[in-house]
Amino acid sequence: MSHLSRDSLSENKGAFFGSIIGTLNHILVADLIWLKRFASHPSNFSSLHSLAMTPLPERLDSILFSDLAKLKNEKNRLDGVILEFVNQLSDELLDSDLSYQNSNGVPFKKPFSHLIQHFFNHQTHHRGQISTLLFQSGIDLGITDLLAKVPNA
């Protein structure tokens, strides 16, 4: 992907978020939105404190980084935060509820475990879209089926 030109990365390919870079940015935007919501959990996850000064993206289609290398660096940093956060989860916490507001200010209260599941499924969904966009750009990622990555017992 790094050998694609900036124009190729930003070319509107008709995907929901337009381009490869648009879709990659959307994953980052959604991760930030959800992690900041998770930070409001009564457990006060220390792993999420570093996001307190990170601005909340204004829109789901915000382009936070048009440069792929900078986007990759920020996603790697955020993945480290996610890993720390996941290591703080417990069955008891997952059995709790989270109250939050969506981007329109509508309040919700939902099972925390379901929201965590959504968080990761959302990433998977859009990564699948990116795989298709890359294939359409002439990049074959090879086998992407999770089952192929699961080691034999």
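In case you missed it, the structure is sitting above this.
Residues numbered from 1 in each chain as written. Predicted model: local features only at pLDDT ≥ 70, side-chain atom pairs only at ≥ 80, totals over all residues. Heavy atoms only, no water.

Helix and strand counts for the protein chain come out as six helices and two strands. Across the protein chain, helices and strands are ordered from the amino to the carboxyl terminus as α-α-α-α-β-β-α-α. The C-alpha extent of the protein chain, read off along each of the three principal axes, is 45 × 45 × 25 Å. The burial tally for the protein chain puts 35% of its 153 residues in the buried class. When contacts within the protein chain are restricted to residue pairs at least 6 apart in sequence, those whose partners lie at least 24 apart make up 65%. Accessible surface, the protein chain: about 9,500 Å² in total, of which carbon and sulfur atoms supply 54%. Across the protein chain, the mean location of the 13 positive side-chain charges is 4 Å away from that of the 15 negative side-chain charges. (Helix = DSSP H or I, 4+ residues; strand = E, 2+ residues; numbered from the N terminus. Buried < 20%, exposed > 50% of the residue type's maximum accessible area, 1.4 Å probe, protein only. Contact = heavy atoms within 4.5 Å. Areas by Shrake-Rupley, 256 points an atom, 1.4 Å probe, with all protein chains shown as cover. Lys, Arg positive; Asp, Glu negative; His and termini not counted. Charge placed at Lys NZ, Arg CZ, Asp CG, Glu CD.)

Here we come to unusual backbone geometry. Apart from glycine, the bulk of residues carry a negative phi angle, and the bulk of peptide bonds sit in the trans form. Backbone geometry at N44 places phi at a positive 55°, although glycine is not the residue there. Following the sequence through the fold, N44 ends up in the loop between helix 2 (20-38) and helix 3 (68-88).

Our focus in this paragraph is helix 2. With 19 residues, helix 2 extends 27 Å from end C-alpha to end C-alpha; this agrees with the ideal 27 Å at 1.5 Å per step. Along helix 2, 18 of the 19 residues are buried, which leaves the element largely enclosed by surrounding structure. Where helix 2 begins, one side-chain oxygen reaches toward the backbone nitrogen of G22, 2.9 Å away; that side chain belongs to S19. (Expected span 1.5 Å × (residues − 1). Polar contact = N/O pair within 3.5 Å; in protein donor to acceptor, adjacent residues only side chain to side chain.)

With that settled, the discussion passes to the packing of helix 2 against helix 5 (residues 112-136). As a packed pair, helix 2 and helix 5 sit with axes 9 Å apart at the nearest point and diverge in direction by 170°. By the angle class used here, helix 2 and helix 5 are roughly antiparallel. Along the lines of polarity and charge, the residues of the contact of helix 2 with helix 5 split into 14 nonpolar, seven polar and two charged. (Axes fitted to C-alpha atoms, helices over the stretch in contact; angles between N-to-C directions. Parallel < 35°, antiparallel > 145°, perpendicular 65-115°, else oblique. Nonpolar A, V, L, I, M, F, W, Y, C, P; charged D, E, K, R; others polar.)

Moving on, we come to the layout of surface pockets. Any empty space left between atoms is shown by rolling a water-sized probe over those atoms. Of the voids in this model, the second largest pocket is the one considered here, and its volume is about 220 Å³. Together, 13 residues line the second largest pocket, and I33, W34, R37, L60 and H118 are the ones closest to its centre. At the level of elements, helix 2, strand 2 (107-111) and helix 5 are the ones that each hand at least two residues to the lining of the second largest pocket. Counting residues per element, the lining of the second largest pocket draws most heavily on helix 2, which supplies five residues. Along the lines of polarity and charge, the residues of the lining of the second largest pocket split into six nonpolar, five polar and two charged. (1 Å grid on protein atoms, 1.4 Å probe; cavity = no way out; pocket = protein on both sides within 12 Å on 5 of 7 lines; lining within 4 Å. Points joined across faces, edges and corners; volume = space filled by probe spheres on them.)

Now for the pairing of strand 1 (residues 97-101). By the alternation rule, side chains of strand 1 split into L98 and Y100, which are all buried, and D97, S99 and Q101, of which none is buried. Where strand 1 meets strand 2, five bridges bridge the pair, whose relative direction is antiparallel. Bridge pairing in strand 2 places D97 opposite P111. Turn length for the strand 1-strand 2 hairpin, with the two strands adjacent in sequence and antiparallel, is five residues, and the turn residue G105 shows positive phi of about 85°. (Pairing = 2+ DSSP bridges.)

Residue placement: S19 occurs in the loop between helix 1 (6-10) and helix 2. Note on S19: relative accessible area 7%, which makes it buried. A distance of 2.9 Å separates the side chain of S19 from the backbone nitrogen of G22, its partner in a polar contact. With residues up to four places along the chain from it excluded, the contact list for S19 reads L9, S10, E11, N12 and L133.

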